[in-house]
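Remarks on the overall topology
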Amino acid sequence: MRLRNIRGAQEKILENPYTIQTDGLNGDDYKGLWQDKIFGNHNPVHIEIGMGKGQFITQLALEHPGINYIGIEKYSSVLVRALEKRETLETDNLIFMRMDAEDLTSYFAPGEVDRIYLNFSDPWPKDRHAKRRLTSTNFLERYDKVLSPDGYIQFKTDNRPLFDFSLEQLDEAGWIKDEVNFDLHKDGPAPNNIMTEYEMKFYQMGNPICRLVAHR
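Definitions and cut-offs
Counting restarts for each chain: residues are numbered from 1 in the order of the written sequence. Only residues with pLDDT of at least 70 are given local features in this predicted model, and only at 80 or more are side-chain atom pairs given and counted; all residues enter the totals for whole chains, interfaces and linings. Each side-chain value is derived from all of the structure's non-hydrogen atoms; neither hydrogens nor water enter the calculation. Numbered from the N terminus, helices here are DSSP runs of H or I no shorter than four residues, and strands are runs of E no shorter than two. Throughout this description, buried means an accessible area under 20% of the type-specific maximum (1.4 Å probe, protein chains only), exposed means over 50%, and partly exposed covers the range between. Two residues qualify as a contact provided that any one of their heavy atoms is within 4.5 Å of a heavy atom in the partner residue. Residue types Ala, Val, Leu, Ile, Met, Phe, Trp, Tyr and Cys, when buried and joined through side-chain atoms within 4.5 Å, form a set referred to as a nonpolar core. By definition here, a helix of n residues has an expected span of 1.5 Å times n minus one. As used in this structure description, the phrase polar contact means that two N or O atoms lie within 3.5 Å; if the pair is within protein, one of them must be able to donate a hydrogen and the other to accept it, and residues adjacent in sequence are counted only when both atoms belong to side chains. Throughout, the protein atoms alone are placed on a 1 Å grid, and a set of points is a cavity if a 1.4 Å probe fits but cannot get out or a pocket if it is open with protein on both sides within 12 Å along at least five of seven lines; lining residues have an atom within 4 Å of a point. Grid points are joined across faces, edges and corners, and a volume is the space filled by probe spheres set on the points. Three classes are used, and their members are as follows: Ala, Val, Leu, Ile, Met, Phe, Trp, Tyr, Cys and Pro are nonpolar, Asp, Glu, Lys and Arg are charged, and the others, Gly among them, are polar. For two strands to count as paired, DSSP must find a minimum of two bridges between them. Here the axes come from fitting lines to C-alpha atoms, over the contacting stretch only for helices, and the angles between their N-to-C directions go from 0 to 180 degrees. Aromatic pairing here means that ring centres of Phe, Tyr or Trp (its six-membered ring) are within 6.5 Å. Orientation follows from the plane angle: under 30 degrees is stacked, over 60 is edge-to-face, and everything else is tilted. A ring has a charge above it when a Lys NZ or an Arg CZ is no more than 6 Å from the ring centre and no more than 35 degrees off the ring normal. Counted as salt bridges are all cases of a side-chain nitrogen of Lys or Arg within 4 Å of a carboxyl oxygen of Asp or Glu.

A short note on the overall build of the chain
Looking only at helices and strands, one finds eight helices and eight strands in the chain. Out of the 216 residues belonging to the chain, those deemed buried represent 48%. Long-range contacts, defined as pairs at least 24 residues apart, comprise 74% of the intrachain contacts of the chain with a sequence gap of at least 6.

Remarks on the nonpolar core
Grouped together as the largest cluster of nonpolar side chains are 37 residues, with contacts concentrated most on Trp34, Ile47, Ile49, Ile70, Phe108, Ile116 and Tyr143. Here this core gets five residues from one element, more than from any other, and that element is helix H7 (residues 160–173). Among the nonpolar cores identified, the runner-up in size contains 15 residues, and Met51, Ala61, Leu89 and Leu94 belong to it.

Remarks on helix H4 (residues 76–86)
In terms of residue burial, H4 counts as a mostly covered element, since eight of its 11 residues are buried. Looking at H4, one finds that the buried residues are Ser76, Ser77, Val78, Leu79, Val80, Ala82, Leu83 and Arg86.

Examining H7
In a regular helix each residue adds 1.5 Å, so 14 residues correspond to 20 Å; H7 covers 20 Å between its end C-alpha atoms and thus fits that length. Structurally, H7 contributes buried residues whose contacts are with helix H6 (137–146), strand E6 (147–157), strand E7 (176–181) and strand E8 (210–215). Measuring from the side-chain oxygen of the N-cap residue of H7 to the backbone nitrogen of Leu162 gives 2.9 Å; that N-cap residue is Asn159. Gly174, located one to two residues past H7, shows a positive phi value of around 80°.

Let's talk about the layout of surface pockets
Approximately 280 Å³ is the volume attributed to the second largest pocket. Every residue lining the second largest pocket is counted, 15 residues in all, and those nearest its centre are Leu60, Gln154, Asn192, Asn193 and Ile194. Secondary structure elements with two or more residues in the lining of the second largest pocket: helix H3 (55–63), strand E5 (113–119), E6 and E8. With four residues, the single largest contributor to the lining of the second largest pocket is H3. Per-class residue counts for the lining of the second largest pocket are seven nonpolar, five polar and three charged.

Structural notes on the sheet that holds E6
The pairing of strands in a sheet happens through backbone hydrogen bonds and is either parallel or antiparallel. On the basis of which strands lie adjacent, the open sheet formed by eight strands has the order E1-E4-E3-E2-E5-E6-E8-E7 and mixed pairing. Bordering the open sheet on either side are strand E1 (19–20) and E7, each of which pairs with just one other strand. Here E6 runs beside E8; their pairing, made up of five bridges, is antiparallel. Bridge pairing in E8 links Thr157 to Cys210. The sheet contacts of H7 involve E6, E7 and E8, and relative to E8 the element is tilted by about 15°.

A short note on the packing of aromatic side chains
Inspection of the entire model under this criterion finds nine aromatic pairs. When the centroid spacing of 6.0 Å and the interplanar angle of 35° are considered together, the rings of Phe120 and Phe202 count as tilted. Of this pair, Phe120 sits in the loop between E5 and H6 while Phe202 sits in helix H8 (residues 197–205); the two residues are 82 residues apart in sequence, bridging distant segments of the chain. With a relative accessible area of 12%, Phe120 lands in the buried category. Given the relative accessible area of 15%, Phe202 is considered buried. Ring plane angle 10° and centroid distance 6.0 Å describe the contact between Tyr198 and Phe202, whose orientation is recorded as stacked. Linking Tyr198 with Phe202, this pair stays in helix H8, spanning four residues, or about one helical turn. Aromatic rings pair up to connect Tyr30, Trp34, Tyr107 and Phe108 into one cluster. Geometry around Trp124 places Arg132 over its ring, the cationic atom sitting 4.8 Å from the centre.

Some details on the pattern of salt bridges
Applying the stated criterion across every chain yields a total of seven salt bridges. With a shortest N-O distance of 2.7 Å, Glu199 and Lys156 are connected by a salt bridge. Residue Glu199 is found in helix H8, and its partner Lys156 is found in strand E6; the two are separated by 43 residues along the sequence. Grouping residues by exposure puts Glu199 and Lys156 together as buried.

In short, the description is geometric, and any link to function would need to be established separately.
Spelled out as structure tokens, the structure:
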């Protein structure tokens, strides 16, 4: 996917009050402090890695005010679009981070996250890039470190080869699969499901959407 550079995106992110700054800062400024210091409460923390323009996590935050949501996106030109939506919302349970998922354990303490959402992640189709896939054992190890004892991940994609790969990686890492669905919207839009921008597009095209839920 080719990303269009947006002039001034980095500056807008740095100046925005709804963005946690990571440039030039040590992760210890946030690690273990998300509830007390950042959100000022003891509500569960849910994160979405690779949130894109933020439609999914924004809707979650609006529907569940008793949960703290953190949207993580590494591309400034994408994140700035989510910030435009965030500025119009009257809610205090949603913040964003411009960060690479590889740095997850630098900013979150063991057991600090209750749920991780992965939606339509980059499939990195070449075999030599398999470790970059967000459902590889490489990243499952990171999730294992930050998830609470009852925490879990939820993954959705329209890419069947990536989904099959993810199931294999979960088995290899010893995770327990709670849900495996190869056609989430087979009988129409699935209940209790928020669609991402990509999900809506692929659903309208008739592409099957796969979803899994798993815990350690």
